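For reference, the chains in residue letters:
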Amino acid sequence: MVSLMPRPRGTVFLELTPKAPHPSKPFSFTTTSSTKAVTIRIITPTRLCSKLVLLCFRYQREKSCMPTLVKIGLDSDIYVGNALIQFYGCLGTLIDARVLFEKMPHRDVGSWNTLLGIYNYSSDSWEVLILFKRLMYEEIKADKITLVILFSACARLEKLHYGKTLHCYATKVGLECMLNLENALLGMYTKCKDIDEALRLFDKMGSRKDIVSHNILLNGYIEMELVDFAREIFDKIVEKDLVVWSSMMHGYVKAKQPKKTLELFKKMVDTGLTPDQNTMVSVLSACASLSNLQYGRLVHRFILQNNIRQDSFVKTAVIDMYSKCGSLEDGLVTFYKMDCKDVVTWTTMIEGLANYGLGNEALCTFYQMERQGITPNEATFVSLLAACSHSGLINEGCQLFRRMAGVYRIQPKIEHFGCLVDLLSRAGLLHQAEEFMEMIPADDKIIAYKTLLSACINYSEFDLGQKIANNMMELGPQSQAVYVLLSNFYALEGHGLKLQKQEET
DNA sequence: AGACTGGGGA
């Protein structure tokens, strides 16, 4: 009836045949994965099917193996349908999920929630809002779970106003005093940076507040770069869990206080908690910004010794740590050993190579990435252009810049413009760089001008430098660094003019 | 029975 065939590389194939066991006859099976054994008792074919699907899902989520559903021959009902929607969603085949949803003869609010949930999970929050409209139109009664998903979607889209409207709706239907709904709401307010509203809600929640509520606020402060406020909340939490520790450690990484991250890490381990992969990413990142290879190696060894799962986040952080700590070799070894590299992993490696002045190797890595069908993003091009700039690959850099907009439809940002100006300036192609300035939006010009003016100083290009200096002055008052640069230029220009006059006489 | 709230990498 049911065959569960473990395949190499952790794949589990499930096959269900049309003839299900007799409904009255209990049916059970046991399966083992590398990490866990699961036993399920199933009574009806429907539940059998639905449980199997969810089992697949759990495997998927724990990433212990990749499930593939081969065939379901049972007549589907609403439960099977809901479970299948969920399953397809987790495999990332949203279209299948949607087709199934539309085909279902009967849908309950759970079906809607499942579909909303997978769109939300796949970061397609717009679709969540569109579907919600339809849900209201079809007069389905939204429940507390629907609203939780919606608040989460609003948070991601930073749709504060819409979220507030939903908040009123929740109050009206008497759903506002449920903890996880309030937490979702709190998350929405913090992610939309309405800290006043978040604090009001936080106070209103009174004793209902749990560790999740505190952590949401803590992360809100970190996001707003108020790491000391975050620390206050952190210190107030008596029984800190892994998530809270990780949040605070990440907060210090973000606030460029990596030493405090490492301090906290020590403290956390002393309290007897075993860190997980999320924690380790922040610790590795702290080592990277400290460029402390010794500590970095220690942390890497810690991960191996404690059997902490190395997912792509951890491995990417390891690569970054080794590259930034001066051991590109170790970074490369980790990189080549990885089998599922995503765009961030590739970008990290490209950046590592670029910083070692290995421009051609960085480009080769990029072409390899393209061949594997990974789509580069903004950050990838920043690393690539930096690689070209550091290695003087002028043609390649210009070509990549064109490809970024032409092939990948990525709007160049100041980082990209900066790299290209840098590239041209270093090569002494100052006039070309100046022409290029016209493409840069006014708000971003000053940074590029700084690069260009520095280059003018290096190449003693006084005329062009004068023009650029005038342009910079026209942009209005600037930071001190700009005036220092300008005065350097004028000092040199004066000096240069004197030299020229001496030559003339 | 299932759908939902807090942390991570360039």
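Rules used throughout
- Residues numbered from 1 in each chain as written.
- Chains lettered and ligands numbered in written order.
- Predicted model: local features only at pLDDT ≥ 70, side-chain atom pairs only at ≥ 80, totals over all residues.
- Heavy atoms only, no water.
- Helix = DSSP H or I, 4+ residues; strand = E, 2+ residues; numbered from the N terminus.
- Buried < 20%, exposed > 50% of the residue type's maximum accessible area, 1.4 Å probe, protein only.
- Contact = heavy atoms within 4.5 Å.
- Areas by Shrake-Rupley, 256 points an atom, 1.4 Å probe, with all protein chains shown as cover.
- Axes fitted to C-alpha atoms, helices over the stretch in contact; angles between N-to-C directions.
- Parallel < 35°, antiparallel > 145°, perpendicular 65-115°, else oblique.
- Left-handed = near helix turned anticlockwise from the far one by under 90°.
- Nonpolar A, V, L, I, M, F, W, Y, C, P; charged D, E, K, R; others polar.
- Phe/Tyr/Trp six-rings, centres within 6.5 Å; stacked < 30°, edge-to-face > 60°.
- Lys NZ or Arg CZ within 6 Å of the ring centre and 35° of its normal.
- Core = buried A, V, L, I, M, F, W, Y, C linked by side-chain atoms within 4.5 Å.
- Salt bridge = Lys/Arg side-chain N within 4 Å of Asp/Glu carboxyl O.
- Near = heavy atom within 4 Å.
- Polar contact = N/O pair within 3.5 Å; in protein donor to acceptor, adjacent residues only side chain to side chain.
- Expected span 1.5 Å × (residues − 1).

Going by what an unreviewed UniProt entry lists, chain A is known as Pentatricopeptide repeat-containing protein and is assigned to Melia azedarach.

1. Topic: the overall build of chain A
Per the secondary structure count, chain A includes 26 helices and five strands. Scored against the burial criterion, the 505 residues of chain A give a buried share of 45%. Considering only intrachain contacts with a sequence separation of at least 6, the fraction spanning at least 24 residues in chain A is 58%. Counting every atom, chain A has about 26600 Å² of accessible surface; 54% of that belongs to carbon and sulfur.

2. Overview of the packing of helix 5 (residues 125–137) against helix 6 (residues 144–157)
At a minimum axis separation of 9 Å, helix 5 and helix 6 run at an interaxial angle of 140°. On the basis of their axis angle, the class for helix 5 and helix 6 is oblique. The two elements helix 5 and helix 6 cross, and the hand of that crossing is left-handed. Here Ser125, Trp126, Val128, Leu129, Phe132 and Leu135 of helix 5 lie close against helix 6, whose contacting residues are Thr146, Ile149, Leu150, Ala153, Arg156 and Leu157. Tallied by class, residues from the contact of helix 5 with helix 6 come to nine nonpolar, two polar and one charged.

3. Considerations on the packing of aromatic side chains
Any pair of aromatic rings gets described here by the distance separating the centres and the angle formed by the planes. Under the counting rule described, the total for this entry stands at 10 aromatic pairs. Seen in terms of ring centroids, Phe401 and Phe417 are 6.0 Å apart; in terms of plane orientation they differ by 50°. Their pairing is tilted. Placement of Phe401 in helix 21 (residues 394–406) and of Phe417 in helix 22 (residues 414–426) is noted, with a sequence separation of 16 residues between them. Residue Phe401 shares its accessibility class with Phe417, and that shared class is buried. Through pairs of rings, three or more aromatic residues link up here, namely Phe366, Tyr367, Phe381 and Tyr408. When the ring centre of Phe234 is taken as reference, the NZ or CZ atom of Lys240 above it lies at 5.0 Å. A cation over an aromatic ring shows up here: Lys341 above the ring of Phe335, its NZ or CZ 4.9 Å from the ring centre.

4. Quick word on the packing of helix 3 (residues 94–103) against helix 4 (residues 109–121)
Two numbers describe how helix 3 lies on helix 4: the axes approach to 11 Å, and their chain directions differ by 165°. Considering the angle they form, helix 3 stands roughly antiparallel to helix 4. As for how helix 3 packs across helix 4, the hand of that crossing is left-handed. Taken together, the residues of helix 4 that come into contact with helix 3 (itself represented by Leu94, Ala97, Arg98 and Phe101) are Ser111, Trp112, Leu115, Ile118 and Tyr119. Per-class residue counts for the contact of helix 3 with helix 4 are seven nonpolar, one polar and one charged.

5. What to know about the nonpolar core
The biggest cluster of nonpolar side chains holds 77 residues, and the ones touching the most others in it are Phe151, Met188, Leu218, Met248, Met280, Leu284 and Val299. Beyond its immediate stretch of four places on either side in the chain, Met280 contacts Phe265, Pro275, Val299, Phe302, Ile303 and Ile308. Membership of the second largest hydrophobic core comes to 55 residues, among which are Ile350, Cys419, Ala448 and Ala469.

6. Some points on the environment of Ser454
Here Ser454 lies in helix 24 (residues 445–458). Relative accessible area serves as the criterion here: at 29%, Ser454 is assigned to the partly exposed category. Each C-alpha atom of the pair Ser454 and Phe489 lies 8.0 Å from the other, and the pair is 35 residues apart in sequence.

7. Remarks on the pattern of salt bridges
This structure, assessed with the given rule, holds 14 salt bridges. Across the pair Glu223 and Lys254 runs a salt bridge whose closest N-O atoms are separated by 3.6 Å. Taken together, the residues Glu223 in helix 10 (residues 211–223) and Lys254 in helix 12 (residues 242–254) connect sequence positions 31 residues apart. Two residues, Arg231 and Asp235, come together in a salt bridge whose shortest N-O distance is 3.1 Å. You can see Arg231 and its partner Asp235 sitting in helix 11 (residues 227–236), four residues apart, about one turn around the helix. For Asp235, a relative accessible area of 47% corresponds to the partly exposed category. Sharing partners across several salt bridges, the network here consists of Arg98, Glu102, Glu127, Arg134 and Glu138.

8. Let's talk about the protein's contact with DNA strand B
Around DNA strand B, the structure places 49 residues, and the nearest of them are Tyr79, Gly110, Ser246, Thr316 and Glu351. Considering the 4 Å shell around the protein, atoms of DNA strand B inside it are sugar or phosphate in 37% of instances. The separation between a base nitrogen of DNA strand B and a polar side-chain atom of Asn82 is 3.0 Å. Contact distances for DNA strand B include 3.1 Å between a base nitrogen and a side-chain N or O atom of Asn113. Broken down by class, the residue content of the surface near DNA strand B amounts to 16 nonpolar, 22 polar and 11 charged.

9. Observations regarding helix 25 (residues 462–474)
Here helix 25 is 13 residues long and its end C-alpha atoms lie 18 Å apart, about the 18 Å a rise of 1.5 Å per residue gives. Every buried residue of helix 25 is accounted for by Phe462, Leu464, Gly465, Ile468, Ala469, Asn471 and Met472. Phi for Gly476, located one or two positions after helix 25, is positive at around 95°.

10. Some remarks on helix 12
Taking 1.5 Å of rise per residue, 13 residues should cover 18 Å, and helix 12 covers 18 Å from first to last C-alpha, within 8% of that figure. Burial analysis of helix 12 places 10 of its 13 residues in the buried class, the great majority of the element. Among the residues of helix 12, Leu242, Val244, Trp245, Ser246, Ser247, Met248, Met249, Gly251, Tyr252 and Val253 are the ones counted as buried. Where helix 12 is buried, its residues touch helix 10, helix 11, helix 13 (258–270) and helix 14 (277–290). Looking one or two places after helix 12, you find Lys256, whose phi comes out positive at around 60°.

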